[in-house]
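Letter by letter, the chains look like this.
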Amino acid sequence: MTAANAVPARASHPPSAACRSLHTYLPTGAQLCWRHELPGSFALDAEFVAAAVPSALAARWSGTRAGFWQAWVAAEVVAKLTGTPILPLVAAGFPVPEDSRVEMVNATRQDVVVCFGRLRAQP
Ligand SMILES: [Zn+2]
């Protein structure tokens, strides 16, 4: 999975139970839809880069807002793909260390940062 084949494979549409693609939601309720032809198990997360850092984490974050949300969407993808609850995961260390089970691509488009993740095939 590379940025070149992950990032263009996306779209947005009104919430629809009929769509079998991978979805995530922005705080506004807008649904993002990731359509791709890649094999494997995937997760997707997205946030607005200019959103305020949540107060519960602000004391632990000294970087930019955009950097925070880039780290956050990556943590969400690791949580989703490894079945780990997000709060204990980030409490153990943030940004979350790279997980050898997960491959990820981050992309920022306009005001949204997105992380596309795939569970690596087990040897
Ligand atoms: Zn869809």
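Residues numbered from 1 in each chain as written. Predicted model: local features only at pLDDT ≥ 70, side-chain atom pairs only at ≥ 80, totals over all residues.

Draft legend 1. Highlighting helix α3 (residues 65–82). For α3, spanning 18 residues, the distance from its first C-alpha to its last is 26 Å, which sits close to the expected 26 Å at 1.5 Å a residue. Across the 18 residues that make up α3, a large majority, 14, are buried. At the C-terminal side of α3, G83 shows a positive phi close to 70 degrees. (Helix = DSSP H or I, 4+ residues; strand = E, 2+ residues; numbered from the N terminus. Expected span 1.5 Å × (residues − 1). Buried ≥ 20, exposed ≤ 12 C-beta atoms within 10 Å, placed from the backbone.)

Draft legend 2. Molecular detail of the pairing of strand β5 (residues 102–109). As judged from the eight bridges shared by β5 and strand β6 (residues 112–119), these two strands associate in the antiparallel manner. Within β6, the position partnered with T108 by the bridge is V113. Two successive antiparallel strands, β5 and β6, enclose a turn made up of two residues, where Q110 displays a positive phi of approximately 55 degrees. (Pairing = 2+ DSSP bridges.)

Draft legend 3. Highlighting the environment of C19. With respect to the helices, strands and loops of the structure, C19 is situated in the loop between β1 (10–12) and β2 (22–25). As a C-alpha pair, C19 and R35 span 16 residues in sequence and 9.6 Å in three-dimensional space.

Draft legend 4. Region of interest: the pairing of strand β3 (residues 31–34). Here β2 pairs with β3 via four bridges, running antiparallel. Residue pairing for β3: H23 is matched across the bridge by C33. Here β2 folds back onto β3 in antiparallel fashion, the turn holding five residues, of which G29 has a positive phi close to 95 degrees.

By themselves, these observations are geometric and do not establish any function.
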